[in-house]
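Residue-level listing of the chains:
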Amino acid sequence: MHKSKEYQHCQGCPLQGNTKVGTDGDPDGPICFVGRNPGAVEKMRGLPFVGPAGIRLDKVIADLKLEREDVFITNMVKCWTPNDAEPPNEAVERCWGYLTFELHRAKGIVVALGRSCQKALTEREVPHFSMIHPSAAIRRGLYEAVLRRDTRLLKKELAVWRRRKSRAKGGKRSAKS
Ligand code: SF4
């Protein structure tokens, strides 16, 4: 398995010369958002989801009554692709070890943002919650309602996750006493 941030020196696929963007937030947080790969603004700032889609994602996070630093944010592919193009399959394959490392570390609900990410996680049997990509809602107003619906559903998932977590904590306490 890969170590954290090892990808900073990775030359594993044809995207190797492009800017690499890491993660943001708290891996112990209740949600781990996974996007496809960094865009132009992310490339400039070196953080995931800080462009227009990131601003919309921040609103989703606020609707969940959380702060950005409470959640973990990452991308399936760490390198930027010109013109926001779909990364080649080889990049998804080669980068997968880095994401696997992060997902093992992350404690919260894995939320796949957008179709590419949902497909990759489903194919590899990683349990996740599927959410429309915030950029789709920005591009087509029609999808804004879908994003709001997904946010409401995620809020419910979060409540279940919290209940389960507090039951597990209670179980551990009574086992100790
Ligand atoms: S996309 Fe992933 S596998 Fe390809 S060079 Fe970048 S870090 Fe390495």
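Nothing here was measured: the structure is a model prediction, and the numbers come from that model.

1. Digging into helix H2 (residues 52–63)
Next up, step 1: The terminal C-alpha atoms of H2 lie 17 Å apart, and with twelve residues this matches the ideal 16 Å at 1.5 Å per residue to within 8%.
Next up, step 2: Listed in full, the buried residues belonging to H2 are Ala53, Gly54, Leu57, Val60 and Ile61. Considered in projection along H2, the buried side chains sweep an arc of 105 degrees and stay on one side of the axis.
Next up, step 3: Lys65 lies just past H2 and shows a positive phi near 60 degrees.

2. Notes on the site of the ligand
Next up, step 1: Around the ligand, 14 residues are found, and the nearest of them are Cys10, Gly12, Cys13, Cys79 and Cys95.
Next up, step 2: Across the shell around the ligand, the residue classes break down as eight nonpolar, three polar and three charged.

3. Describing the sheet that holds strand S5 (residues 129–131)
Next up, step 1: Here we have five strands laid out as an open sheet, ordered S1-S3-S2-S4-S5, and mixed in their pairing. In this open sheet, the two edge strands, each paired with only one partner strand, are strand S1 (24–25) and S5.
Next up, step 2: One ladder, built from four bridges, connects strand S2 (residues 31–35) with strand S3 (residues 72–75); its direction is parallel. Across the sheet, the residue bridging to Val34 is Thr74, located in S3.
Next up, step 3: Where helix H4 (residues 115–123) meets the sheet, it contacts S2, strand S4 (109–113) and S5, and its direction lies at approximately 130 degrees from that of S4.

4. Notes on the pairing of S2
Next up, step 1: Most of S2 sits out of view: five of its five residues are buried.
Next up, step 2: Neither face of S2 is left uncovered, since the one carrying Ile31, Phe33 and Gly35 and the one carrying Cys32 and Val34 both have all their residues buried.
Next up, step 3: Pairing between S2 and S4: four bridges, direction parallel. Note that in S4 the partner of Cys32 across the bridge is Val110.

5. Quick notes on the environment of Tyr98
Next up, step 1: Looking at the secondary structure, you find Tyr98 in helix H3 (residues 89–105).
Next up, step 2: Sequence spacing of Tyr98 and Glu6 is 92 residues, and the spatial spacing of their C-alpha atoms is 7.8 Å.

6. Here we look at the nonpolar core
Next up, step 1: One finds Cys32, Phe33, Val34, Met76, Val111 and Ala112 to be the most contacted residues of the largest nonpolar core, which totals 38 residues.
Next up, step 2: Contributing elements (two or more residues each) for this core: S2, H2, S3, H3, S4, H4 and helix H6 (144–176).
Next up, step 3: Sort the elements by how many residues they give to this core and H3 lands first, with five residues.

7. Details of the environment of Glu125
Next up, step 1: Within the fold, Glu125 resides in the loop between H4 and S5.
Next up, step 2: Of the residues examined, Glu125 has 6 C-beta atoms within 10 Å and is grouped as exposed.
Next up, step 3: Along the sequence, Glu125 and Glu86 sit 39 residues apart, while their C-alpha atoms lie 21 Å from each other.

8. Looking at unusual backbone geometry
Next up, step 1: A positive phi angle, close to 50 degrees, is found at Phe49, a residue other than glycine.
Next up, step 2: Here Phe49 shows up in the loop between helix H1 (40–45) and H2.
Next up, step 3: The phi dihedral of Asn83 is positive, around 55 degrees, even though this residue is not glycine.
Next up, step 4: Position of Asn83 among the secondary structure elements: in the loop between S3 and H3.

Rules used throughout
- Residues numbered from 1 in each chain as written.
- Predicted model: local features only at pLDDT ≥ 70, side-chain atom pairs only at ≥ 80, totals over all residues.
- Helix = DSSP H or I, 4+ residues; strand = E, 2+ residues; numbered from the N terminus.
- Expected span 1.5 Å × (residues − 1).
- Buried ≥ 20, exposed ≤ 12 C-beta atoms within 10 Å, placed from the backbone.
- Arc of directions from axis to C-beta.
- Near = placed C-beta within 6 Å.
- Nonpolar A, V, L, I, M, F, W, Y, C, P; charged D, E, K, R; others polar.
- Pairing = 2+ DSSP bridges.
- Contact = placed C-beta atoms within 7 Å.
- Axes fitted to C-alpha atoms, helices over the stretch in contact; angles between N-to-C directions.
- Core = buried A, V, L, I, M, F, W, Y, C linked by C-beta atoms within 7 Å.

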